[in-house]
Amino acid sequence: MRPDPTLPDPAPPRLPQPRSGTRVCLAGALLLLTLPAGAQVAGTGVLEEVRQRQAQADRPGIDARSPSETAAPARESERGEPDRRLPFVTTPDLRRATVERHLRSLRTTNPIAAAEAGRELATYDYDAIVRGFLDGTGLDPADAGDVLTAFVALQWMVANDATAEPSPAALRAIRRRFVLPMADKPPLSQPASRAAFAEQVKLRMVLHHAGWKAARQLGVLPRFLATLSNEFIPAAKLQALALTEAGLVPKGPAGARPAQPSSPDTPPPAAARPAQPPAPVPGPDASAPPRHAANWDAVEGVYFRSTTGVGVGGMVTIDFEPLIVFTDGTYYEIDDTALEDVDLAAERSAKPRRFGRWTRKGRGFVLTGVDGKAADYALGDGSFFRAFPAGPEERVARSYRRLSGGGNRAMGGDVAVAVESRYDFKADGRYGRGGSVGALNSGASTGVGTAIGRRRAPEGGQYRLDRHTLTLTGADGRSRRLFFAYGAQKDPPEIDRDMIFVGDSVFSSDD
């Protein structure tokens, strides 16, 4: 929790540089950029467990109301009597079991990410990282109440993008009002379950902190916060609170920070999105010549950068988005439509968040978004790559798949949603497109499980590739033009035909 004194950002752990190429990242395999599967205590996530224990004490959960409404009645520590400590003993075996529990849960939704997570967790000692977080805060890493206090404080820091370290008095207030009411009930009241619970909180704290740091570096913090399930403490509610010497208290009218407004570029929380099968990709009718072919005359280059996406169960994964860089010093986050069909002036007016400015810096760029925040990208460093065009009339003979999702299983909830979209290209110029959606409610919290699945009607016809344009002509004779690009691998960059962009969605090869 404590920031590294040499850095203005949140503290390490320092993330290792991804390997050359992009297919591993595409699967969301970088451990510290994915949220963990829910830490399990009797089948519930850490913060769900907090709410359950508070509910058992007839007290509401942490929310935007006043401390007098959310806190339990005065306890010994509030009357000046000694605070009740909640010690536990950590062991290498217990930490290994905690990591393996996390990996088993992750394997059920993303086995590739789980394999990468296993390699990373074998390198980093999460216990040592937590001890570094708590050093100098007055919190004891061998006390389960202090560990949970630190996690609550960290969530507030992440939601408010705060880098100043909370004072010891503020942390004591959080512990007194939100942790001690649970001290007399499991898991905190029982030494064995207390230790397992504390280790799960520690691991989740490290992963959440690393996700925050990565989201800040990528300039996608609003998206990161938007994908957090409501079974985490909701970011919007934490943004309405100030962390003071009295703990978490409502902000005054002058200091109130409203929840982030929704926009086409900020996805809603994963649990709020309905399960829908992938719809046909939209695009202008290509029977007429493109109206804005001159757009390509002003292009300096086509690139793509890493960002965050939502995977099965609401897990945050690594995704990529294509960028068109223009010679006038601007860039555009292209959508589905091929560039020659985009009215850039109208697009800038309707979707200003898709535009920004760029300058050169060494081998890479400094990109400044519409919010004025600048981010450095070095070409081929794991987060910024060159995109490659197809050849004129190039034919492809392979299948590509995209897997995304939603739900709240990654945060300890019951719901997991998986959405698959596919393209099948043939060497004779034919294509097929399909997809499916599946949703599972485990019923862990209700006792009633459900599962649904649906396939969308298949689509097919003829395709044509010409540089950064994919033209699809359906069986009804209607054609549409879509943006297209290949990925990159190695350094210096080479074309990677195992990865393609169709519109702003990235697909990987099944072959």
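(A) View of the overall build of the protein. Across its full length, the protein holds 12 helices and 19 strands. Sorting the 511 residues of the protein into buried and exposed places 54% on the buried side. Partitioning the contacts of the protein with sequence separation of at least 6, the portion at a separation of at least 24 is 67%. Working note: accessible area of the protein is about 21600 Å², and carbon and sulfur atoms make up 53% of it.

(B) A look at the packing of aromatic side chains. For the structure on display, the rule yields 15 aromatic pairs. With centroids separated by 5.3 Å and ring planes inclined at 20°, the aromatic side chains of Y303 and F384 adopt a geometry described as stacked. Here Y303 is found in strand β3 (residues 299-310), whereas its partner F384 is found in strand β9 (residues 384-386), with 81 residues between them in sequence. The pair formed by Y303 and F384 is uniform in burial state, with each residue classed as buried. We note R497 situated over the ring of Y486; from NZ or CZ to the ring centre the distance is 5.2 Å.

(C) A look at unusual backbone geometry. Here E393, not a glycine, exhibits a phi torsion of approximately 60°, which is positive. Secondary-structure assignment places E393 in strand β10 (residues 390-394). Accessibility expressed as a relative area gives 45% for E393, which makes it partly exposed. With phi around 55°, R467 is a residue other than glycine that occupies positive phi space. As for its position among the elements, R467 is in strand β15 (residues 459-467).

(D) Just the confidence of the model for the protein, in detail. Across the protein, the average pLDDT comes to 74, with 68% of residues at 70 or higher. Across the protein, the secondary-structure element scoring lowest on mean pLDDT is helix α1 (residues 23-26), at 29, and the one scoring highest is strand β5 (residues 330-332), at 97. Every residue in residues 2-82 scores below 50 in pLDDT, and together they form 219 contacts with partners more than four places removed in sequence or on other chains. This model gives residues 254-281 a pLDDT under 50, and the stretch forms 59 contacts once residues within four places in sequence are excluded.

(E) Spotlight on helix α6 (residues 126-134). Regarding α6, the residues found buried are Y126, D127, I129, V130, F133 and L134. All buried residues of α6 project into a common sector of 160° when viewed along the axis, lining one side. Structurally, the start of α6 carries an N-cap: the backbone nitrogen of D127 is 3.0 Å from a side-chain oxygen of D125. Positive phi appears at G136, one or two residues downstream of α6, with a value of about 85°.

(F) Representation of the pairing of strand β6 (residues 355-361) in the model. Note: β5 against β6, three bridges, orientation antiparallel. When the sheet's bridge partners are listed, Y331 is paired in β6 with G356. For β6 and strand β7 (residues 364-369), the ladder comprises six bridges, and the chain directions are antiparallel. Bridge pairing in β7 places T359 opposite V366.

(G) A look at the pairing of strand β8 (residues 374-377). On β8, burial follows the alternation: A375 and Y377 on one face are buried, whereas A374 and D376 on the facing-out side are not. With four bridges connecting them, β7 and β8 associate as antiparallel partners. Each bridged residue has a counterpart across the sheet, and for L367 the counterpart in β8 is A375. If you look at the hairpin formed by β7 and β8, you'll find four residues sitting between the two strands, and G372 has a positive phi there, around 85°.

(H) Representation of the environment of A286 within the structure. The topology assignment puts A286 in the loop between β2 (247-250) and β3. The class for A286 is buried, based on a relative accessible area of 15%. Put simply, A286 and L472 are 186 residues apart on the chain and 8.6 Å apart in space, counted from C-alpha to C-alpha. Once residues within four sequence positions are removed from consideration, A286 is found in contact with T471, S479, R480 and R481.

(I) Up close: the packing of helix α7 (residues 144-160) against helix α8 (residues 168-179). For the pair α7 and α8, the least separation of the axes is 9 Å and the interaxial angle reads 105°. What the angle tells us is that α7 and α8 run roughly perpendicular. Judged by residue contacts, G145, D146, L148, T149, V152 and A153 of α7 engage L171, I174, R175 and V179 from α8. A class-by-class count of the residues in the contact of α7 with α8 yields six nonpolar, two polar and two charged.

(J) Quick peek at the side chain of E321. When you line up the elements, E321 lands in strand β4 (residues 316-326). Aside from chain neighbours lying at most four places away, what touches E321 is R223, Y303, F304, R305, T307, E333 and F501.

(K) Expanded view of the pattern of salt bridges. The full count for this structure, using the stated rule, is 28 salt bridges. We note a salt bridge from D184 to R84, for which the minimum N-O separation is 2.3 Å. Taken together, the positions of D184 in the loop between α8 and α9 (191-218) and R84 in the loop between α3 (67-70) and α4 (92-107) put the pair 100 residues apart, joining distant regions of the chain. Take R84: its relative accessible area is 33%, and that puts it in the partly exposed class. Put simply, D335, E347, K351, R354 and D504 are held in one network by salt bridges that share partners.

(L) Geometry of the nonpolar core. Of all hydrophobic cores here, the largest spans 56 residues; its most connected members are W156, I174, L188, M205, W212, F224 and L248. When residues of this core are assigned to their parent elements, the largest contribution, 12 residues, is made by α7. Counting 38 residues, the second-largest nonpolar core is a separate cluster that includes Y332, V396, Y463 and L482.

(M) View of α7. With 17 residues, α7 should reach 24 Å at 1.5 Å per residue; the first-to-last C-alpha distance of 25 Å fits that figure. Counting buried positions along α7 yields 17 of 17 residues, so the element is predominantly enclosed. The N-cap of α7, judged by a side-chain oxygen 2.9 Å from the amide nitrogen of G145 a few residues on, is D143. Following α7 by one or two positions, D161 adopts a phi angle in the positive range, close to 50°.

Cut-offs used in this document
Residues numbered from 1 in each chain as written. Predicted model: local features only at pLDDT ≥ 70, side-chain atom pairs only at ≥ 80, totals over all residues. Heavy atoms only, no water. Helix = DSSP H or I, 4+ residues; strand = E, 2+ residues; numbered from the N terminus. Buried < 20%, exposed > 50% of the residue type's maximum accessible area, 1.4 Å probe, protein only. Contact = heavy atoms within 4.5 Å. Areas by Shrake-Rupley, 256 points an atom, 1.4 Å probe, with all protein chains shown as cover. Phe/Tyr/Trp six-rings, centres within 6.5 Å; stacked < 30°, edge-to-face > 60°. Lys NZ or Arg CZ within 6 Å of the ring centre and 35° of its normal. pLDDT = per-residue confidence, 0-100. Arc of directions from axis to C-beta. Polar contact = N/O pair within 3.5 Å; in protein donor to acceptor, adjacent residues only side chain to side chain. Pairing = 2+ DSSP bridges. Axes fitted to C-alpha atoms, helices over the stretch in contact; angles between N-to-C directions. Parallel < 35°, antiparallel > 145°, perpendicular 65-115°, else oblique. Nonpolar A, V, L, I, M, F, W, Y, C, P; charged D, E, K, R; others polar. Salt bridge = Lys/Arg side-chain N within 4 Å of Asp/Glu carboxyl O. Core = buried A, V, L, I, M, F, W, Y, C linked by side-chain atoms within 4.5 Å. Expected span 1.5 Å × (residues − 1).

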